[in-house]
Amino acid sequence: MNTTAATTAAIEIRDLEKTYSDGKRALKGVSFDVPRGQIFGLLGPNGAGKSTLINILAGLVNKTGGSAKIWGFDIDKDTRNAKRAIGIVPQEVLFDVFFTPYEALELQAGMYGIAPKNRRSMEILKALRLEDKANAYSRTLSGGMKRRLLIGKALVHNPPILILDEPTAGVDIELRQQLWEYVRRLHAEGTTVVLTTHYLEEAEMLCDRIAIINHGQVIANDETSTLLATAQEKVLIAVLDADLAAVPEGLPVKKAELKGTRELILTYDRSQVTAGQLLSSLGERGLTVADVTTREADLEDVFLHLTQAGIVDGH
């Protein structure tokens, strides 16, 4: 396909607005870019506006303001090329149960105007480990197989961008690992991947960059490593050499918890106190530490901090 504006982002969103007929303002001037060749995480609580945004890109919902470009093509001015540049795997497992997986992919390819000689239905089924189910009725497939088939349908026209909307919701760990193995392979071959997920460890593990949406607004957009570095909370776990009846008072921490009689779990703000100072505080109280470990903040800590702040701001 024609890939003009090759230096532009994979997806460019500017001041995107959506107000529904009931007055609900789902998107409030959202702007961000998805860089080409990355795995990009789009995160946010339920009702934050993620699905509305994806449905606008898919052409299923009309925006009420702003602009969006997919692979350099404006979704309003060059709708056909914009749609051909993107494959979307929806949350809901919906397709005609009376078609076989092979027939479903052939039909989808036909809808994109792909000539029979250029279709890759069996190649896609094999890549998704569904070749042995090629001629089985789709209604007989397991939930995990159906989800893989949805990915196959999104890939029939060989789009440079793949959007995965909660692809591992409700699937077992083995299938989740298979899906990510395939996504990594697609990414290695040059596909730009946009991922929404409630499994924050997945986003932390897979995504090069993450945008977080809350109340219809972008509240964070940065490289995953940079986002993680913004987290100020850190956890220190101190194992004492003698039993403790209660948590000592006056420690310079945000939260203190006693696990059993000897393990203190201390959550502190590393911008205000160091682990060394915290250990000194324990020593000043006559406590001897037999063992100590620390845990850095993860993406879940960052996400909760940002979205909870957003909820407060939203009210």
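In case you missed it, the structure is sitting above this.
Quick notes on the rules
Residues numbered from 1 in each chain as written. Predicted model: local features only at pLDDT ≥ 70, side-chain atom pairs only at ≥ 80, totals over all residues. Heavy atoms only, no water. Helix = DSSP H or I, 4+ residues; strand = E, 2+ residues; numbered from the N terminus. Buried < 20%, exposed > 50% of the residue type's maximum accessible area, 1.4 Å probe, protein only. Contact = heavy atoms within 4.5 Å. Areas by Shrake-Rupley, 256 points an atom, 1.4 Å probe, with all protein chains shown as cover. Pairing = 2+ DSSP bridges. Core = buried A, V, L, I, M, F, W, Y, C linked by side-chain atoms within 4.5 Å. Axes fitted to C-alpha atoms, helices over the stretch in contact; angles between N-to-C directions. Parallel < 35°, antiparallel > 145°, perpendicular 65-115°, else oblique. Left-handed = near helix turned anticlockwise from the far one by under 90°. Nonpolar A, V, L, I, M, F, W, Y, C, P; charged D, E, K, R; others polar.

**Student:** Whenever I open this one, the overall build of the chain confuses me. Can you help?
**Tutor:** Within the chain one finds ten helices and 14 strands. Along the longest, intermediate and shortest principal axes, the C-alpha atoms of the chain span 80 × 45 × 40 Å. Here the chain holds 315 residues, and the buried ones make up 43% of them. Look at the contacts in the chain between residues 6 or more apart in sequence, and 68% of them connect residues 24 or more apart. Accessible area for the chain stands at about 15800 Å²; split by element, carbon and sulfur atoms hold 48% of it.

**Student:** Explain the sheet that holds strand β1 (residues 11-19) to me, please; I cannot follow it from the model alone.
**Tutor:** Whenever strands of a sheet pair, they do so through backbone hydrogen bonds, lying parallel or antiparallel. Reading across the sheet, the four strands line up as β2-β1-β4-β5 and stay open at both edges, with antiparallel pairing between neighbours. On the outer flanks of this sheet lie β2 (25-34) and β5 (73-74), each paired with one strand and no other. One ladder, built from two bridges, connects strand β4 (residues 65-70) with β5; its direction is antiparallel. Each bridged residue has a counterpart across the sheet, and for Lys69 the counterpart in β5 is Asp74.

**Student:** Sorry, what's going on with the nonpolar core here?
**Tutor:** Soluble globular proteins tend to pack their nonpolar side chains together in the buried interior. Residues Leu43, Ile151, Leu164 and Ile210 are the most contacted members of the largest nonpolar core, which totals 43 residues. Among the elements that take part in this core, helix α6 (residues 173-188) stands out by supplying six residues, more than any other. Within the second largest apolar cluster, 29 residues are counted, among which are Ile13, Val34, Ala68 and Ile70.

**Student:** Which parts of the structure should I look at to understand the packing of helix α3 (residues 101-111) against helix α5 (residues 143-155)?
**Tutor:** Geometry of a packed helix pair, given as the angle between the helix axes and the separation of the axes. Two numbers describe how α3 lies on α5: the axes approach to 9 Å, and their chain directions differ by 25 degrees. In terms of orientation, α3 and α5 fall into the roughly parallel class. Read as a crossing pair, α3 and α5 show a hand that is right-handed. Contacts between α3 and α5 involve Pro101, Leu105 and Gln108 from the first element and Leu149, Gly152 and Lys153 from the second. Per-class residue counts for the contact of α3 with α5 are three nonpolar, two polar and one charged.

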